[in-house]
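Here's the letter readout for the chains.
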Amino acid sequence: MRSRERHAADTEPEVASDAPEHGEPSGDDRRSWWTFSAILAVIAAVGTHITVAWSARSPSFPFDEITYLQMARLIAGDPPAGPVDSGGYYPGWSVVIAPVWWVTQDPLAVYRVAIAIAVVLAVATIWPLSALVRRCGLTRPQAVTVAAVVMCLPSRALQSDYVLSESLLMLVVAASVLAGMRLWERPSVGRALLLSALVALAYLTHARVLPFVLAVGIWLLFFFRRSWLPALCGLLALVGLSWGVAKLATALNDRLVEGAFTQTEGFRQNLETTTAGLLAVAGSGQVWYQLVASFGVVAVGAVAISVGMARELRYGMVGPAGLVLGVVLAMVLLSVLAWSGEANLYLNEWRRLDAWLYGRYADPFTALVVAIGLAVIVRGASWKLLVSGAVGAAAVLAVVLFKVAALAPTWGYITPAHIPGVMPWWWLLPDEPFAPGLLPWFTNENRFWVIASLSVVVGLVLAMVLRRRPLAFVAIFAVAAVTASVAANEASGSFQASEGGRPGMVQTLRNVERVAGAPVDEVDFDRECRVPGNLSPQAQNLLGFWLSPRDFEVVWPSKEDFTADLVVSCQEWPDARSLGARAVRGGRDYGSQLWVLPGELQDRLDRAGLLTAPTN
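Per chain, residues are indexed from 1 in the order of the written sequence. Local features in this predicted model are restricted to residues whose pLDDT is 70 or higher, and side-chain atom pairs enter the listing and the counts only when it is 80 or higher, whereas totals over whole chains, interfaces and linings include all residues. Side-chain calculation: all heavy atoms of the structure are included, whereas hydrogens and water are not.

## Here we look at the overall build of the protein
For the protein, the helix and strand inventory stands at 26 helices and 5 strands. For 616 residues, the compact-globule estimate of 2.2 N^0.38 gives 25 Å, and the C-alpha radius of gyration of the protein, at 26 Å, lies within 12% of that figure. With the C-alpha coordinates aligned to their principal axes, the bounding extent of the protein is approximately 85 × 60 × 50 Å. Whether a residue is buried, partly exposed or exposed follows from its accessible area with a 1.4 Å probe, protein chains only, as a fraction of its type maximum: under 20%, in between, or over 50%, in that order. Among the 616 residues that make up the protein, the fraction classed as buried is 59%. Here the protein displays about 24200 Å² of accessible surface, and carbon together with sulfur accounts for 62% of that area. Charged residues are defined here as Lys and Arg on the positive side and Asp and Glu on the negative side; His and the ends of the chain fall outside this count. Taken as the charge location is NZ of Lys, CZ of Arg, CG of Asp or CD of Glu. A gap of 11 Å separates the mean positions of the 46 positive and 48 negative side-chain charges of the protein. The helix and strand labels rest on DSSP assignments: H or I over at least four residues marks a helix, E over at least two residues marks a strand, and numbering proceeds from the N terminus. In this setup the radius of gyration rests on C-alpha atoms only. A globule is expected at 2.2 Å times the number of residues raised to 0.38. For the accessible areas, the method is Shrake-Rupley and the probe is 1.4 Å, while residue cover comes only from the protein chains on display.

See the structure below:
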């Protein structure tokens with residue numbers, strides 16, 4: 001058993017052990033050159049994330065970002081008076097940004113500091129990611145270079161444009177997998193407990209990573225063969241901490257969110273109704289997305305990890321390669337199941353392209369595969385490994401180009417944060433719908449698919465051509481990654497310009513306060529007068545955030561009376577006449593109108609000319 005365990009322990013840095021000897025120190029691998037490249041790569045990563053974050057102006061997700069920001073306010077001890085109308089989110093990211101509310105109650109300042117924190121966390125991910133890929137046989141400068149370059153890719157950089165949990169999640173996921181590798185190298189109870197704590201922290205960050213928790217739990221079961229006591233302690237800790245995370249998240253969402261936590265409902269519905277055909281469409285589209293998002297390098301990493309896993313199984317062990325493969329497959333499967341519903345792909349009244357390519361759920365995990373693939377190339381990948389990756393990639397490209405692309409609504413709605421890896425090619429997307437069945441070609445309306453696919457071909461061909469010059473390949477890859485992120489940021493900026501912005505009602509309230517000569521402490525929101533579409537929930541969430549530090553009370557008029565002088569309700573408010581309410585000029589946002597009830601404030605605003613004519 002000792003010899004078997006010793007061999008298994010040694011398999012971890014051999015994820016690509018079929019690399020030829022020339023992959024170890026060659027002309028390009030001189031330490032001075034790689035040290036210089038590591039410094040440049042880190043600078044590039046910092047610059048890329050700052051450049052992307054610089055264009056962030058305001059929250060553009062009225063449910064995701066606003067829920068995180070308002071939950072942070074709740075955790076900080078200053079709960080918003082009114083509930084948030086959303087499906088709820090787990091609080092890990094909100095815990096990180098909560099202290100910002102202690103410093104300022106200015107919502108725009110809170111948002112900007114949260115963006116800055118996301119950038120810091122993204123750059124900090126270079127540390128655990130570089131430590132992880134060092135176990136592929138790289139020197140420290142090589143590992144830092146690889147990790148920093150991966151963080152320059154659009155799938156990572158574009159998340160710095162939003163107050164979402166992705167940056168924190170990527171950091172914790174990388175640290176968790178690194179902790180698992182360290183546990184394998186030297187089993188101990190302390191290292192097992194650290195792994196469990198980090199995985200639970202990832203779960204605290206987002207409910208969707210439950211498959212990650214389960215995958216690590218299964219890996220710990222296999223770890224019993226390696227060392228039973230750390231495995232037992234780690235498994236018990238993982239179960240207990242995960243249970244505690246779920247209870248804490250439920251309690252916070254119960255206090256903040258209107259209604260029940262519903263983040264998992266769509267997944268459950270898809271699980272019950274999806275078909276093999278829908279799974280094939282969603283799966284092939286998402287794998288194509290990962291190939292394009294990494295210039296094909298994810299295919300090299302997938303083959304290398306699979307080789308490592310096969311080697312571990314031959315010795316009756318599931319080690320580091322098995323850990324990486326397990327968690328990535330678990331999250332990819334979750335992502336495919338979550339978006340394989342017929343409603344998402346075909347029946348939605350506003351057709352979505354991003355549902356066919358969805359990448360955000362899997363991106364923090366596939367980034368590990370990309371990093372390992374790049375590390376294998378730096379170490380000196382064999383022809384066999386590169387060709388195997390290229391063949392697998394070619395098969396996916398063929399399926400998507402000849403089957404999936406002709407069916408997809410290429411002209412459909414996109415959210416850049418959901419498919420950041422393909423956003424460098426956003427300018428190829430058509431503006432107008434066209435009939436399904438059009439095979440993509442360079443000159444037709446469906447050209448997005450074929451031109452984006454070229455990045456995979458070019459990336460893998462360069463990996464083969466520059467097989468003996470890994471530093472040259474990494475340099476080209478880094479330039480491509482930074483350029484792609486800058487290009488993708490154009491799409492993100494356009495999305496933010498159309499979906500974000502400070503509501504005009506904020507300035508209207510300032511005008512009201514100027515006339516009143518005193519701050520407005522409370523604004524009521526009419527929960528029962530709804531406008532078409534999704535505008536009423538958006539108004540409730542966005543105004544609740546932007547009107548901070550004022551109390552924003554959600555009122556059900558059939559059950560309770562308004563207590564504030566100012567009320568946000570429908571633009572055509574049926575109760576306005578009976579209540580004597582008057583509309584405030586300029587107070588329209590998200591299909592809603594700011595009204596003032598009878599009293600001294602209404603009289604002052606009327607004299608100042610800030611009210612419309614009385615309702616007849």
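That covers the picture; the talk isn't over yet.
## Points about a positive patch on the surface
Side chains of R57, R112, R502 and R510 sit close together on the surface and give a patch of like positive charge. With respect to the secondary-structure elements, R510 resides in helix 23 (residues 504-516). Accessibility expressed as a relative area gives 41% for R510, which makes it partly exposed. Like-charged residues are merged into a patch within 9 Å and nonpolar side chains (Val, Leu, Ile, Met, Phe, Trp, Tyr) within 5 Å, provided each residue has over 30% relative accessible area and no salt bridge. Only one rule defines a salt bridge in this text: a Lys or Arg side-chain nitrogen within 4 Å of an Asp or Glu carboxyl oxygen.

## Some details on the environment of S536
With respect to the helices and strands, the residue S536 is situated in helix 24 (residues 535-546). Here S536 falls in the buried class, since its relative accessible area comes to 3%. For the pair S536 and C570, spaced 34 residues apart in the sequence, the C-alpha separation amounts to 8.6 Å. Whether two residues are in contact is decided by their heavy atoms: any pair within 4.5 Å suffices. Contacts of S536, omitting those with residues within four sequence positions, involve F525, C529, R530 and V531. Polar contact is the term for a pair of N or O atoms within 3.5 Å; when the atoms are in protein, one must be able to donate a hydrogen and the other to accept it, and sequence-neighboring residues count only if both atoms are side-chain atoms. Within the structure, S536 has its side chain in polar contact with the backbone nitrogen of V531 (distance 2.9 Å).

## What to know about the packing of aromatic side chains
Between rings of Phe, Tyr and Trp, where Trp is taken as its six-membered ring, a pair exists when centres lie within 6.5 Å; planes separated by under 30 degrees are stacked, by over 60 edge-to-face, and by other angles tilted. This structure, assessed with the given rule, holds 25 aromatic pairs. An angle of 40° between the planes, with centres 5.6 Å apart, marks the rings of F61 and F495 as tilted. With F61 in the loop between helix 2 (31-54) and helix 3 (64-75) and F495 in helix 22 (residues 470-499), this residue pair connects regions lying 434 residues apart in the sequence. You'll find F61 and F495 in the same group, each marked buried. On the numbers, 5.5 Å between centres and 75° between planes, the contact of F448 with W449 is edge-to-face. Among the aromatic residues, ring-to-ring pairing joins F61, Y162 and F495 into one connected group. Two thresholds decide whether a charge sits over a ring: the Lys NZ or Arg CZ must be within 6 Å of the ring centre and within 35 degrees of the ring normal. Here the basic side chain of R73 rests over the ring of W101, its NZ or CZ set 5.5 Å away from the ring centre. The side chain of R226 reaches across the aromatic face of W184, ending 4.7 Å from its centre.

## A few points about the environment of G501
Position of G501 relative to the elements: it lies in the loop between helix 22 and helix 23. In this structure G501 comes out as partly exposed when scored by relative accessible area, which is 31%. Counting along the chain gives 382 residues from G501 to V119, while the straight-line C-alpha distance between them is 21 Å. If we skip the residues at most four places from it in the chain, G501 touches S58, P59, Q496, W546 and Y590.

## Description of the pairing of strand 3 (residues 566-570)
With respect to burial, strand 3 is a largely interior element, 5 of its 5 residues being buried. Of the strand pairs in this sheet, strand 1 (residues 522-526) and strand 3 are connected by 3 bridges, and their pairing is parallel. Bridging from a neighbouring strand, V523 pairs with L566 of strand 3. Paired strands are those between which DSSP finds at least two bridges. Here strand 3 runs beside strand 5 (residues 592-596); their pairing, made up of 5 bridges, is antiparallel. The partner of L566 across the bridge, within strand 5, is V596.

## Details of the state of the cysteines
A pair of sulfur atoms, both from cysteines and within 2.5 Å, is called a disulfide here. Applying the stated criterion across every chain, the model contains 1 disulfide. Across a sulfur-sulfur distance of 2.0 Å, C529 and C570 are joined as a disulfide pair. Handedness of the C529-C570 disulfide follows from its S-S torsion of about -130°: it is left-handed. Of the two residues, C529 sits in the loop between strand 1 and helix 24 while C570 sits in strand 3, which places them 41 residues apart along the sequence. Sulfur of C136: no disulfide; nearest cysteine sulfur belongs to C152 and is 19 Å away. Of the residues examined, C152 reaches a relative accessible area of 1% and is grouped as buried.

## Looking at the pattern of salt bridges
All chains considered together, the criterion is met by 12 salt bridges. Among the salt bridges present, the one from E258 reaches R527, with a minimum N-O distance of 2.5 Å. Taken together, the residues E258 in the loop between helix 12 (228-256) and helix 13 (265-273) and R527 in the loop between strand 1 and helix 24 connect sequence positions 269 residues apart. The residue D606 makes a salt bridge to R582 at a minimum N-O spacing of 3.3 Å. You can see D606 sitting in helix 26 (residues 600-607) and its partner R582 sitting in strand 4 (residues 582-589), a full 24 residues away along the chain. Residue classification places D606 among the partly exposed positions, given a relative accessible area of 38%. Given a relative accessible area of 11%, R582 falls into the buried group. The network of salt bridges with shared partners includes D64, E166, R208 and R360.

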